[in-house]
Amino acid sequence: EDDDGGSGEGSSGSEEEDEDNGSEEEKGGKSKKKGHHAPVKKAAAAMAVGIGSLSDPDDLPGLSHYLEHMLFMGSTKYPNENEYDDYLTKHGGSSNAFTELETTNYHFDVSPKNLRGALDRFAQFFVSPLCLETSLEREVQAVDSEFAGVIQDDSCRAVQLMCHTAKPGHVYRKFTWGNKLSLWDKPTAAGIDVRGAVLEYYRRHYCAERMSLVLLGGETLDELQSWVSEIFQGLPTGKGPRPSFESMGMPFENRTLYVLPAVRDTHEIVVTFQLPCLTPHYGAKAEQYISHLVGHEGPGSLLSLLKARGWATDLSAGVEGDGYSQNTGCYLFGVTITLTEAGLHAGPGFGLAPVELLFAYFNMLRQHGPQQWIWQELKSMAEMKFMFLEEEDGMDMCTRLAAVMHLFPAEHIMVAEYLHQQYDPQLITSLLDDCMHPINSSYRLDLLTKEYEPLKQQLIQQAETQKGLLQSVAADGQ
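Residues numbered from 1 in each chain as written. Predicted model: local features only at pLDDT ≥ 70, side-chain atom pairs only at ≥ 80, totals over all residues. Heavy atoms only, no water.

Participant: So what's going on with the overall build of the protein? Residues and values would help.
Facilitator: Along the backbone of the protein there are 16 helices and ten strands. In the protein, which comprises 478 residues, the share counted as buried stands at 47%. Intrachain contacts of the protein at a sequence separation of at least 6 include 82% that bridge at least 24 residues. As displayed, the protein has an accessible area near 23300 Å², and 52% of this comes from carbon and sulfur atoms. (Helix = DSSP H or I, 4+ residues; strand = E, 2+ residues; numbered from the N terminus. Buried < 20%, exposed > 50% of the residue type's maximum accessible area, 1.4 Å probe, protein only. Contact = heavy atoms within 4.5 Å. Areas by Shrake-Rupley, 256 points an atom, 1.4 Å probe, with all protein chains shown as cover.)

Structural data, given as structure tokens:
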């Protein structure tokens, strides 16, 4: 859920305007050098707040996303709701924000010499936001527009179906986007003070203990740290650590096939396996070991067999980086197979014949057991990737690091994604045996297809036939 933040026309006067007076070049074309400044193309910052859509109240679905929008709308120190956006625009910067299930991430970049001014305006989001009454309905419309923009997106539709079909009472069973109906029409009709609810949600959940800040600038570390200590000193405190959903259990029960209509001209079947939260085992990379083998495309791979039979054109496997796939409650390991017409209708139909081969492949992995040489190869490749990483956009880097600061020890924040610390064959075996078994595990199958209507009728006919057979058996038993 991306957000362009506050927007508006015009520019307001500010105490930082004199920052422009220090030109970077002398008349003779030589650079001025004041103090010790490392060269950076753009300064940037990101704040990850450890609260997200899983904490939305039941009577205001999407409130975390709505609050994300409202924090852009002015603060006590900078009451003009366009001040932050205007300042960044004037100084070559940009901003964005997004709401995940357990975090909300705010970020910006700006010309290096204007970092302090931008950071001061940014900090006021979290220190003393106004959430002005005059901005409420307009920002609801902005949230609603974002929701309307993804209604025809197949992946977003599939995610919402996943939420809707999670087991009753599970925290996944939420409408996390929010729209005008959930955030304005229904609450106001029920007599809820929407602005009061937004501010109460901010006061209850936003505090320094739940925030992670990453700052990129050319100043010395001591200078950057002094800025942060001064500018963010008014942050609220005392609300405790981030909420954890460790006890929520797995979101899905049994083994169920869902068929949903595709907007695009495609047939895809996604098999989703439920794993325990693997963040504490980030150094083992057990799930990456399995995804590497299942998603392999070379000779002897699952995909090569599917292609040889004319059943599939593509296959991907692994744990995605979004909040649904990785959170304190569980990991979701997905295998997505792009089907041909033949693959859709082979065997029992509904894309199940390729899924049968997937489980046969898992069975082969169980029989042969984990292979340390494969894990060592993955470790070597990861080390090579990290060693030769290309330069990353400053704002993107700050955003990524802020999101994981609370997950890993300080010495591993930069490298956790690539770090292979210990080979753990028992963990790999446990995932294959307990979470990816065709009979002993709970998983879901989602078939996304352009042939929804004929397949729907086929399912109805099969159900009626089965019902008739059961009634006949019951009658014979009497």
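The structure having been displayed, the exposition proceeds.
Participant: Before we move on, could you go through a nonpolar patch on the surface and cite the residues and values that matter?
Facilitator: On the surface, a cluster of nonpolar side chains totalling about 380 Å² of accessible area is made up of Met384, Met387 and Phe388. By the secondary structure assignment, methionine 387 is in helix H13 (residues 372-387). (Patch = residues over 30% accessible without salt bridge, like charges linked within 9 Å, V, L, I, M, F, W, Y side chains within 5 Å. Salt bridge = Lys/Arg side-chain N within 4 Å of Asp/Glu carboxyl O.)

Participant: Help me get a handle on H13, residues and values and all.
Facilitator: Taking 1.5 Å as the rise per residue, H13 with 16 residues should run 22 Å; its terminal C-alpha atoms sit 23 Å apart, in good agreement. Taken as a whole, H13 has its buried residues at Ile374, Trp375, Leu378 and Ala382. Seen end-on, H13 carries its buried residues on one side only, within an arc spanning 100°. Set apart from the buried face of H13 by more than 90 degrees, the exposed residues are Trp373 and Met387. On its buried side, H13 packs onto helix H9 (286-294). (Expected span 1.5 Å × (residues − 1). Arc of directions from axis to C-beta.)

Participant: Mind laying out the packing of helix H1 (residues 63-70) against helix H7 (residues 194-205), listing which residues take part and the relevant values?
Facilitator: Two numbers describe how H1 lies on H7: the axes approach to 10 Å, and their chain directions differ by 90°. Between H1 and H7, the crossing angle belongs to the class labelled roughly perpendicular. Residues Leu63, Ser64, Tyr66, Leu67 and Met70 of H1 pack against Val194, Ala197, Val198, Tyr201 and Tyr202 of H7. Residue composition of the contact of H1 with H7, grouped by class: nine nonpolar, one polar and no charged. (Axes fitted to C-alpha atoms, helices over the stretch in contact; angles between N-to-C directions. Parallel < 35°, antiparallel > 145°, perpendicular 65-115°, else oblique. Nonpolar A, V, L, I, M, F, W, Y, C, P; charged D, E, K, R; others polar.)

Participant: How would you summarise helix H14 (residues 394-404) if you had to cite specific residues and measurements?
Facilitator: Buried residues of H14: Gly394, Met395, Cys398, Thr399, Leu401, Ala402 and Val404, and no others. Lining the buried residues of H14 we find strand S2 (43-49), strand S3 (94-99), strand S4 (104-110) and strand S5 (211-216). Taking the backbone nitrogen of methionine 395 as reference, a side-chain oxygen 3.1 Å away marks aspartate 393 as the first, capping residue of H14. (Polar contact = N/O pair within 3.5 Å; in protein donor to acceptor, adjacent residues only side chain to side chain.)

Participant: Outline the packing of helix H3 (residues 115-127) against helix H8 (residues 221-231), supporting the account with residue identities and numerical values.
Facilitator: Across the interface, H3 lies against H8 with an axial gap of 10 Å and an inter-helix angle of 35°. Seen from above, H3 lies across H8 with right-handed handedness. Residues Leu115, Arg116, Leu119, Asp120, Ala123, Gln124 and Val127 of H3 touch H8, and the partners they reach there are Leu224, Trp227, Glu230 and Ile231. When grouped by side-chain class, the residues that make up the contact of H3 with H8 number seven nonpolar, one polar and three charged. (Left-handed = near helix turned anticlockwise from the far one by under 90°.)

Participant: Which residues make up the environment of lysine 42, and what are the values?
Facilitator: By the element assignment, lysine 42 lies in the loop between strand S1 (2-3) and S2. Here lysine 42 falls in the partly exposed class, since its relative accessible area comes to 37%. Taking the C-alpha atoms as reference, lysine 42 lies 8.9 Å from leucine 115; in sequence the two are 73 residues apart. When residues no more than four places from it in sequence are discounted, the contact partners of lysine 42 are Gly92, Gly93, Asp109, Val110, Pro112 and Leu216.

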